[in-house]
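# Analysis of the macromolecular model
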Amino acid sequence: MLRGSHLLQAIRVCYHVYLNTASTPNKTTAKAALQQITTSVFVRLERVLECGGLEEKIDGVVVQDGKEEEEEERKKKGVRSGKGVASPAFPTQDHRDAYLVLRSLCKLSIQTKSHTAEGLGGPSSDDHDPAFESRILALELLLHLLRHSSAPAILHAGPEFNYAIRQYLCTSLLKNTTSADTTIVELSLRLFVPLIRHFRSLLKTEIEAFVTNVFFVILDSKNSTVQHKLLVVTLFEEICSDPTTLAEIFLNYDCDLSAVDLFQRIVNALGKVARVGLTDTTGKKRQDHRDLRLSAMKALRQVLASLHSSIVTQVKNGGDSGDISVDEVSLRFITSLSVNGDQRLEVGSTLDAKKSSGTDDSTTKKSLVEMYDSKKKRREEESQAALKFNQKPVAGLKYAAECGHLDADDPTDVARYLIQNKDIFDKAQIGEYLGREKEWLDGFALKVLRAYGEALDFKGMDFDDAIRYYLSGFRLPGEAQKIDRIMEVFAARYTDQNSGIFPTADAAFILAFSIIMLNTDLHNPAIKEDRKMTIQSFQRMNSGVCDGGDFPDEMLADIFNRIKTNPISLKEDDDARESSALSTASDFFFGSHYVEQEKTRENNYQKEGDQIVRDTESMLKRRRKASKHGFVGTADSGLKDEYVTPMFDVTWGPALAVFSTAIESANGTDAIDVSLNGFQLAICIAGLCGNITARDAYVRALYNFTLLGTGRLLDDRHIQCVQSLLRLGKDDGELLGVTWEHIFRALSEVSRLHQVWEGMARNERRESRAREKASKSADENSESKANDDEDDDSESDVQLEEEMDKHMIDEANALSIHDAIPPSLVDSIFHRSSSLSRRSLKDFVYQLCRVSRMEISGYGGHVGTIYSLQKLVEVTHLNMESRPRLIFADIWGTISTHLTSTALHEEAAVAMYAVDSLRQLSMQFLSREELGVFEFQRRFLAPLETIVSRSTHVEVKELLLSSVEQIIVKYGFEHESTSSGVSADGQRRNHLGTLRSGWRSVLIILGTAGLDKNDSIATQGFKLLQDQIQHCIASCCKGDQANTSDSLLSEHFVDLVNALLLYVSGPRQDLSSKSIDSLLQLSNLLAEGKVPLKSAYRKKSLLASANGGIVATGGGSNELELWWPMLLGLSQTMGDRRNDVRVKGLGTLLGIINKHFFPSPGSSSGKDDGSSPRNGDLQTLQLIFRGVLIPALEFEEMDGNSTSGFAPELLPTKFVHYVTLPPEPGMTSTSNKDEWISTTFENLVDGCISICIRSLEIFGNDLLIEEVLAMLNSCLLSDSGHLAVRGLRRLQQFVTSDLDLKDISEDTWATVSHMLVRVLSVRGLPPTSIPEIEGIPDEQKADFENEHREAMNEFVREQHLFSNRRYIGCNGAMVIGSLLTNENIVKSMGIRWYIFLTSGLGQGIRDWEKAAAIMDSKDRPSDGTPRP
């Protein structure tokens, strides 16, 4: 077995054979041997690590290895080893061999001169460079090792190997990635992939340096070739393909306050690259840029794919992902992320750190989230501060101080802040701020300038290089005084750090100022060449200024040459000049000039590569010393997929711009496929993360790219967009939310194009048949066919060309859509709605209704179709059976609202389709039995109630009533005609009786039909209602309680009564009369106890009977709930304009009360013995008076034909009109005004008095006398003069004729007396004059006068409005007079009420005289005649 130097010698021999042989088989054999040798070394190392062979330590390994190290250093020359590797102590010989092989391969990969070639006799030929092949072979071997499971062995082999990775392998990659040869660059970048996947926990600083200082620079460089950029983009694609690597990049850089936003910069760089070269027109260059853009798009797509994988499947660290955590250091991630953390990687401290961390997942999660949020907030604040600073430096610094970024009163902190943000601040503004006057803010700007200079390190730098470094952070202002102050600070700082160069700071200042002048003179295009400064003139200008002496000529000459070759300028100016030069040179890319330009580009890129190496090495040197940050792994971060949301927030904007540009510019099929895949991934991630803005933007953009509904011709990319959009609806409907709108709009347009295709197919078949028919009868129809052709030509000439083009485009699009979008795909989208969640289904249904409204109204380019409405019905059918009713009720509210609005559409065909859809859905919904405590049927059928009341189409209402009839027949109760039906109807009969709460909606619909203006609708509805009533009556007459317990009468008796009452109040007298008859029939059934009570009522009755003695009260109150709507509805007929209806309604009402609310003739009188019959108690009659009979008078006043005229005919012929003027001959009430009083009022009052007298006889209680008086009192207080006078006369008749004087109690006379005296009162009568009050000021007296005058005027206005009250007063005086002149009445009322009436009459006369005086003074007739 080869060991140590023998092993290295064997490798050299194989290298010698591979590099110097011309035989291909020998090369292949040598390369294979090298792979076997190197692989075997690391395989032995893996075995040692697996077997725990650390005890096999050999004493001689250290010494021998130290000697061989020194020998190797002498042989290689120029390669310096680290301190820890000079004499390392390896645990085993296998460790030593693996370390030597790894270090040797790294050094061979950067070797520029082949020692083997020199030993063989001279340099190699142009086509055979052994050094180049050596580098390639070394890189291939390293790649082979890291890709074939050697990475875990290297990582766990010890700190020496970790050092070798950081020092040797990273140095090799740094120098090779900047090579001009793409082969070496490709191998180096491929080698970087396993490095970042397996060793990223060690290389946090190195990864940041490589990505920012190397890869980004290559992508941004104008001198790098497209091939170089393509390789870098391919590297990013490989990195982004691993979800764990991508997540840890975000956690360790974007979530670290002291690190760059690496993930965000990678995404932005890829987005920028994906949009380059879009304007190139040359063939090869255009193709190269297209490949580069495609690769960048794939990388962005890969980012989205990794995010999707992370959120769908939890990221698993170790094993599968390839991530290896050294010594489990990442367990201390909180400490490693803090600014004051420690990066010591000690194996022994792992367990202690694990025990002492004490942080749970919630603390971890919170810390990471807070750090990312704070960093994001800080970046936003820095951007805002930069914006303010670039406008006004003081405002920008003040804002930054308010945000806590600096101490605005500390010059050192301000200087640090300016240096830190020099790349984002306007450098001209920085220069202006640093050069401010000494007096400005007490010299604060000068203090900042001095602190700025002290913060820079010029030690060991050339003088002109120090000036470049000093001026790289700001632009020199134009004023000489400001330049002096700035350069004085520089000279002082440079002299302090480089004391042996200049004798004084003044000498350095003078030379610095001279260099500024030299730079301006040499590179100012306005100065001619013959007038520019030379070396001699520059030396003469600086003679004698070095503390009385001269500067060395060599020093001045070197400065002159460097300034002439490389001017002092800002990087921004250099980039602008380079861009301008390239744009100017692009016009001359012909022949040899193109070749020359390419050589210049290569040279510039080589210089850039050298600069990249220097900058990166310098950065690594600084960062490794100052780095205090460890590495965080996803497994130890305490996060599952929470980091995906902020990562997606960074990604979706650039990705959307890139993919949209690719689709819009049609960059090839591959680009379209990548873009559409990216769209799908982004939409899924946005839905899973809850990023509504991103999801809406992507779906809207994808819909816009389909061009559906725009009238434009669709090509393949647009068809692919349609397919992607529909696949989203099929596969990811759970995540779409409100964006379903765009999918439904696309489906609507696809359906329209399918219909166009079907029309084309029909036309083609029709034309084919026509051609066949024409060929058979060509001779017979030739003349007529010619005439038809002439007519067709004349019509086609009228058509516009635009319309013809649109038709042709539709046909072409229809063919494309038919071939690409099968109907099964469309159907599957709607079928899968049954598997959506509750929330997603609500969004699905709402957006479908919204698009349906657009279609029906023709909004948004739709043509008035009902495609979405049809699909809405299908979706409702699917989800009705598959979902619980509580969940279905959520979406039914949205569906029913849309169907209702559609059923009220102005176009009858659309409305009828909506009604028919409701019928179908209702038939399906009602087939499921409903529990008694729910009212799902009622809510489901509620839209039909709105439609029947608001629809204007007779056809729609007829269809609706037919639908209701079908519902009753199928789900109502079993009729006699169907009870003995054949078995074929067994399924239908199984559903009989399932209509429960839906009966209320059905009865409301049938009742509302009675108010319709169309006779056929009212007749059809009344017929259906009568059928149900007759069936109920027939069932009750049979006495089948089992059949009728759950019938219409049992559950919905009140609803049935209300439906009949709607016909009573309807415009058709015949139906009103029949409805009153039906109400009478129902009242008889109810009185006979044949109407079964609801279960709740029955339970109350049983409890009441158990308590004993109060059965009537309990049962009566329950039944009164059924009686009350009927009685109240009949009382409302008092306000009907039709006399026959009023008379019949009043007669029916009084008949029901007299028949069913008094004890039967055979029962006892029921005088407070607790055994009053059913509904026949005095309290019930009192309720009926108060709630039914007395309010009946109000309907006359509410009626438009209310009789409010005078009633002079009620007064005696020779009556003295002491209150009013005598009526003129024409002031008599017309017959129309008298009709209600003569036909209804008298009968109503007579009926009420009759009930009162009958109750007095039966119950022996005058309780109802007070109710009659209350009714008459309401007449007296009425604004209708006619009604009030009639009430007065009826009150007189009631007291004098209807009642026996012995039955009139003292309380009754008190009530009557107060009623009569109240009639004589004058409302709002003001005093005739202001009372005299002594001692009040004149102003207050004037206020009293104004108030009195206003009261007088208000009284006059009120008397004009209620002039009828004066005539009522006249009649009241007459009635009082008649009572006081009757001896029997005076004796019955007693002396008290006699005096009360007499005094009231006198007071009333006096009040009316005062009122007449006021009216006479305020309102006299035009002829001067005084008012009475």
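Calculation rules
Along each chain, numbering runs from 1 in the same order as the chain's sequence is written. This being a predicted model, a pLDDT of at least 70 is required before a residue's local features are given, and a value of 80 or more before pairs of side-chain atoms are given or counted; all residues contribute to the totals for chains, interfaces and linings. Side-chain measures here rest on the full set of heavy atoms in the structure, leaving out hydrogens and waters. The numbering of helices and of strands both runs from the N terminus, where a helix is a DSSP run of H or I of at least 4 residues and a strand a run of E of at least 2. Three exposure classes are used, based on accessible area relative to the maximum for each residue type with a 1.4 Å probe and protein chains only: buried under 20%, partly exposed in between, and exposed over 50%. Residue contacts are defined here by distance: any two heavy atoms, one from each residue, within 4.5 Å place the two residues in contact. To be clear on the numbers: accessible area is Shrake-Rupley with a 1.4 Å probe, and residue cover counts the displayed protein chains and nothing else. Side-chain atoms alone can form a polar contact between residues adjacent in sequence; in general such a contact is a pair of N or O atoms within 3.5 Å, and within protein one must be able to donate a hydrogen while the other accepts it. The patches described consist of residues with a relative accessible area above 30% and no salt bridge, like charges being joined within 9 Å and nonpolar side chains (Val, Leu, Ile, Met, Phe, Trp, Tyr) within 5 Å. By definition here, a salt bridge exists when the distance from a side-chain nitrogen of Lys or Arg to a carboxyl oxygen of Asp or Glu is within 4 Å. The charge count includes Lys and Arg as positive and Asp and Glu as negative, but it does not include His or the ends of the chains. Charged side chains are reduced to one point each, which is NZ for Lys, CZ for Arg, CG for Asp and CD for Glu. Aromatic pairing here means that ring centres of Phe, Tyr or Trp (its six-membered ring) are within 6.5 Å. Orientation follows from the plane angle: under 30 degrees is stacked, over 60 is edge-to-face, and everything else is tilted. In a helix, the anticipated span is given by 1.5 Å times the number of residues less one. Every axis in this analysis is a line fitted to C-alpha atoms, fitted for helices over the stretch in contact. Angles between the N-to-C directions lie between 0 and 180 degrees. By the definition adopted for this analysis, an angle is roughly parallel if under 35 degrees, roughly antiparallel if over 145, roughly perpendicular if from 65 to 115, and oblique otherwise. With the far helix as reference, a near helix turned anticlockwise by less than a right angle produces a left-handed crossing, and one turned clockwise produces a right-handed crossing. Amino acid classes used here: Ala, Val, Leu, Ile, Met, Phe, Trp, Tyr, Cys and Pro are nonpolar; Asp, Glu, Lys and Arg are charged; the rest, including Gly, are polar. Take the buried residues of types Ala, Val, Leu, Ile, Met, Phe, Trp, Tyr and Cys, join any two whose side-chain atoms come within 4.5 Å, and each joined set is a nonpolar core. One confidence number per residue, pLDDT, is output by the predictor and ranges from 0 to 100. Only a pair of cysteine sulfur atoms within 2.5 Å qualifies as a disulfide here.

### Digging into the overall build of the protein
The secondary structure content of the protein amounts to 61 helices and 0 strands. Per-residue burial for the protein yields a buried fraction of 48% across its 1428 residues. Here the contacts in the protein between residues at least 6 apart in sequence split such that 75% fall between residues at least 24 apart. By element, 50% of the accessible surface of the protein is carried by carbon and sulfur atoms, the whole surface being about 68,100 Å².

### Describing the side chain of His754
Within the secondary structure, His754 sits in helix H33 (residues 740–776). Within the structure, His754 has its side chain in polar contact with the backbone oxygen of Ile821 (distance 3.2 Å). Apart from residues lying up to four places away in sequence, His754 is in contact with Ile817, His818 and Ile821.

### Considering a positive patch on the surface
A cluster of basic side chains, namely Arg762, Arg765, Arg766 and Arg769, defines a positive patch on the protein surface. Summarising the element assignment, Arg765 is placed in helix H33.

### With respect to the packing of aromatic side chains
The geometry of an aromatic ring pair comes down to the distance between the two centres and the angle between the two planes. Under the criterion given, the structure shown has 43 aromatic pairs. Pairing Phe250 with Phe263 gives two aromatic rings, centres 5.9 Å apart and planes at 85 degrees, and the pair type is edge-to-face. Of this pair, Phe250 sits in helix H12 (residues 243–254) while Phe263 is found in helix H13 (residues 262–273), placing the two residues 13 residues apart along the sequence. As far as burial versus exposure is concerned, Phe250 and Phe263 are alike and both buried. Taken together, the aromatic side chains of Tyr452, Phe458, Phe463, Tyr469, Tyr470, Phe474, Phe490, Tyr494, Phe502 and Phe551 make up a single cluster linked through ring pairs.

### With respect to helix H38 (residues 867–882)
Helix length check: H38 (16 residues) gives 23 Å between terminal C-alpha atoms against 22 Å at 1.5 Å per residue, within 8%. Turning to H38, its buried residues are Tyr867, Ser868, Leu869, Lys871, Leu872, Val873, Val875, Thr876, Asn879 and Met880. Elements that come into contact with the buried residues of H38 comprise H33, helix H36 (823–831), helix H37 (838–857), helix H39 (885–903), helix H40 (908–925) and helix H41 (936–950).

### Quick notes on helix H9 (residues 182–198)
The terminal C-alpha atoms of H9 lie 25 Å apart, and with 17 residues this matches the ideal 24 Å at 1.5 Å per residue to within 8%. Burial of H9 is extensive: 12 of the 17 residues sit out of reach of the surface. Where H9 is buried, its residues meet helix H6 (130–147), helix H7 (151–156), helix H8 (159–177), helix H10 (204–220), helix H11 (226–240) and H12. Its side-chain oxygen 2.9 Å from the backbone nitrogen of Thr183, Asp181 forms the N-cap of H9.

### Description of the environment of Leu713
With respect to the helices and strands, the residue Leu713 is situated in the loop between helix H31 (692–706) and helix H32 (716–731). Here Leu713 is in contact with Leu707, His718, Ile809, Ala812 and Asn813, once residues within four sequence places are set aside.

### Observations regarding the packing of helix H22 (residues 463–471) against helix H23 (residues 480–497)
Relative orientation of the contacting elements H22 and H23 amounts to 130 degrees, with a least axis distance of 11 Å. By the angle between their directions, the pair H22 and H23 is classed as oblique. The handedness of the crossing between H22 and H23 is right-handed. Mapping the contact onto sequence places Phe463, Ala466, Ile467, Tyr470 and Leu471 in H22 and Ile486, Met487, Val489, Phe490 and Tyr494 in H23. Looking at the contact of H22 with H23, its residues break down into 10 nonpolar, no polar and no charged.

### Considering the nonpolar core
Formed by 306 residues in total, the largest nonpolar core has its most connected members in Tyr15, Phe199, Phe215, Phe236, Leu1082 and Leu1189. In terms of residues, this core owes the most to one element, helix H55 (residues 1231–1259), which gives 12 residues. Leaving out residues up to four positions away in the same chain, Tyr15 has contacts with Leu34, Leu105, Leu108, Ser134, Leu137, Ala138 and Leu141. Counting 56 residues, the second-largest nonpolar core is a separate cluster that includes Phe389, Leu397, Tyr433 and Phe509.

### Brief notes about the pattern of salt bridges
One pass over the structure, following the stated rule, counts 46 salt bridges. For Lys482, the salt bridge identified is with Glu479, shortest N-O distance 3.8 Å. Overall, Lys482 belongs to the buried group, its relative accessible area being 7%. Of the residues examined, Glu479 reaches a relative accessible area of 43% and is grouped as partly exposed.

### Thoughts on the packing of H33 against H37
Two elements in contact, H33 and H37, have axes whose closest approach is 9 Å; the angle formed by their N-to-C orientations is 45 degrees. The angle between H33 and H37 places the two elements in the oblique class. Handedness of the H33/H37 crossing: right-handed. Counted together, Trp740, Glu741, Phe744, Arg745 and Ser748 of H33 and Asp843, Phe844, Gln847, Leu848, Arg850, Val851, Met854 and Glu855 of H37 form the full contact between these two elements. Classifying every residue of the contact of H33 with H37 gives 6 nonpolar, 2 polar and 5 charged.

### A short note on a nonpolar patch on the surface
Among the surface-exposed residues, Leu886, Leu931 and Phe934 lie close enough to one another that they form a single nonpolar patch of about 310 Å² accessible area. Topologically, Leu931 is positioned in the loop between H40 and H41. On the basis of relative accessible area, Leu931 is assigned to the exposed category, the value being 57%.

### Focus on unusual backbone geometry
A positive phi angle, close to 60 degrees, is found at Leu707, a residue other than glycine. Within the secondary structure, Leu707 is located in the loop between H31 and H32. We classify Leu707 as buried; its relative accessible area is 11%.

### With respect to the side chain of Arg1068
Mapped onto the elements of the fold, Arg1068 is located in the loop between helix H48 (1048–1064) and helix H49 (1069–1087). Leave out the neighbours within four places in its chain, and Arg1068 touches Gly1010, Asp1012, Lys1013, Asn1014, Asp1015, Ala1018 and Arg1138.

### Quick notes on a negative patch on the surface
Taken together, Asp462, Asp550, Asp553, Glu554 and Asp558 make up a surface patch of like negative charges. By the element assignment, Asp558 lies in helix H26 (residues 553–565). Exposure remark for Asp558: the relative accessible area of 39% places this residue in the partly exposed category.

### Here's the deal with the environment of Ile947
Among the structural elements, Ile947 can be located in helix H41. The exposure class of Ile947 is buried, given its relative accessible area of 1%. Linking Ile947 and Thr900, residues 47 residues apart in sequence, is a C-alpha distance of 6.4 Å. When sequence neighbours within four positions are dropped, the list of residues in contact with Ile947 reads Thr900, Ala903, Leu904, Val915, Leu918, Val956 and Leu960.

### Here we look at the confidence of the model for the protein
When pLDDT is averaged across the protein, the result is 78; 77% of the residues are at 70 or more. Helix H15 (residues 333–337) is the least confidently modelled element of the protein, averaging 32 in pLDDT, while H31 averages 95, the highest of any element. Between residues 1041–1046, whose pLDDT stays under 50, and residues either more than four places distant or in other chains, the model counts 10 contacts. Segment residues 1421–1428: pLDDT under 50, and 10 contacts once partners within four positions in sequence are set aside and those in other chains are kept.

### Observations concerning the state of the cysteines
All chains considered together, the criterion is met by 0 disulfides. The cysteine Cys1252 is free of any disulfide, with Cys1248 supplying the nearest cysteine sulfur at 9.4 Å.

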